[in-house]
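Structural features, examined
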Amino acid sequence: MDLILPTYIAYLIISILLTVWVARTLHRNGRVFLVDVFRREDLADSVNHLLVVGFYLVNLGYVTLALKLGGEILSSRGAVEALSGKVGGVLLVLGFMHFFNLFVFSRMRKRARLRHEPPPVEPDSHLAPAH
Amino acid sequence: MRRLTILYDADCALCRRARAWLGRQSQYVPLVFVAAGGEEARGLFPGLDHDASLAEITVIADTGEIYRGPKAWIICLWALRRHRSTALAMRTPGAWWAAEAFIRQVSKNRNRFA
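The rules behind these values
Residues numbered from 1 in each chain as written. Chains lettered and ligands numbered in written order. Predicted model: local features only at pLDDT ≥ 70, side-chain atom pairs only at ≥ 80, totals over all residues. Heavy atoms only, no water. Pairing = 2+ DSSP bridges. Helix = DSSP H or I, 4+ residues; strand = E, 2+ residues; numbered from the N terminus. Buried < 20%, exposed > 50% of the residue type's maximum accessible area, 1.4 Å probe, protein only. Phe/Tyr/Trp six-rings, centres within 6.5 Å; stacked < 30°, edge-to-face > 60°. pLDDT = per-residue confidence, 0-100. Disulfide = S-S within 2.5 Å.

With that out of the way, let us pick up the sheet that holds strand β1 (residues 125-126) of chain A. The strand order across the open sheet built from 5 strands is β1(A)-β4(B)-β3(B)-β1(B)-β2(B), with neighbouring strands paired in mixed fashion. Edge positions in the open sheet fall to β1 of chain A together with β2 (31-35) of chain B, since each of these has one partner strand only. Strand direction decides the pairing type here: strand β1 (residues 4-8) of chain B and strand β3 (residues 58-61) of chain B, joined by 4 bridges, are antiparallel. From the neighbouring strand, leucine 4 of chain B faces β3 of chain B, where its bridge partner is alanine 61 of chain B.

Here you go:
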């Protein structure tokens, strides 16, 4: 009996659950970074939401693209091995996207801080106060 | 600090090129360029030592701070989006010492670079 359909279904369920879990983690914890960068909560929430949408698009896109399996699945062992291969790929892509997001947050935060840095040197003198 | 006025040596080719380059850069703080020792400079800053501003580049903030020579250069970099982090690296004494020495050398020989 070809177990391909149960394997596909298991793959989709596992992959989608993992994607949702990582996305929610990013959404919840990334908010703090964004509030720090944008100083406004409504703007931070807006950007956060937009980033999460992008995250879902890329990751669910990969999950669906990577679904197709070459041969038949004729045993449970075959099913587990096929599943582990596919889910492994999904986890790696999720991991990459996760770190990429952190990198983007960190860069945004660094650039925002730069804007508020005072001059690194003291002046040599001052103008007399205006008359 | 909302504006920086840069008094530069208009007779020196290197200085004019530097002025053009600074003017092209994306700025956090707007830069305004005025020829050092000229009528406009004397009119804008009556209390300033204009002879000193001919010897060394002088930058004056709208809040009244005056920076000369190497410090003026660091403030210019600080005002630029792409180079503010370089300017902030000058907080390290070693980096500042090297930058200051380099700027003074170039400035002393500026008329050799055309």
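So much for the structure itself; the text now carries on.
We now examine unusual backbone geometry. Residue and element names in this part refer to chain A. One non-glycine residue, arginine 39, lies in positive phi territory at about 65°. Residue position: arginine 39 is located in the loop between α1 (4-38) and α2 (41-65). Owing to a relative accessible area of 57%, arginine 39 belongs among the exposed residues under this scheme.

Here we take up the packing of aromatic side chains. Per the counting criterion, the structure on display carries 3 aromatic pairs over all chains. Taken together, a centroid distance of 6.3 Å and an interplanar angle of 15° make the contact between phenylalanine 96 of chain A and phenylalanine 100 of chain A stacked. Residue phenylalanine 96 of chain A and its partner phenylalanine 100 of chain A are located together in helix α3 (residues 76-115), separated by 4 residues, close to a single helical turn. Phenylalanine 96 of chain A sits in the exposed class, given a relative accessible area of 57%. Phenylalanine 100 of chain A gets classed as partly exposed once you look at its relative accessible area, which sits at 40%. Centroid distance tyrosine 8 of chain B to phenylalanine 33 of chain B: 6.4 Å. Interplanar angle 85°. Geometry classified as edge-to-face. Linking tyrosine 8 of chain B in strand β1 with phenylalanine 33 of chain B in strand β2, this pair joins segments that are 25 residues apart in sequence.

What follows concerns the pairing of strand β4 (residues 65-68) of chain B. Side-chain alternation along β4 of chain B places Glu65 and Tyr67 of chain B on one buried face and Ile66 and Arg68 of chain B on a second face that is also buried. Examined bridge by bridge, β1 of chain A and β4 of chain B share 2 bridges and lie antiparallel to one another. Considered in β4 of chain B, the bridge of serine 125 of chain A is made with isoleucine 66 of chain B. Across 3 bridges, the pairing between β3 of chain B and β4 of chain B is antiparallel. Looking at β4 of chain B, one finds that isoleucine 60 of chain B is bridged to isoleucine 66 of chain B. Connecting β3 of chain B to the next strand, β4 of chain B, in antiparallel fashion are 3 residues, including glycine 64 of chain B with a positive phi near 100°.

A word on the confidence of the model for chain A. The predicted model of chain A averages 90 in pLDDT, with 98% of residues at 70 or higher. Mean pLDDT across the elements of chain A ranges from a minimum in β1 of chain A, with 88, to a maximum in α2 of chain A, with 94.

Residues and elements named next belong to chain B. All told, the structure shown has 1 disulfide over all chains when counted by the stated rule. In this model cysteine 12 forms its disulfide with cysteine 15; the gap between the sulfur atoms is 2.5 Å. Across the S-S bond of cysteine 12 and cysteine 15 the torsion is about 85°, and the bridge reads as right-handed. Taken as a pair, cysteine 12 and cysteine 15 share a single burial class, namely buried.

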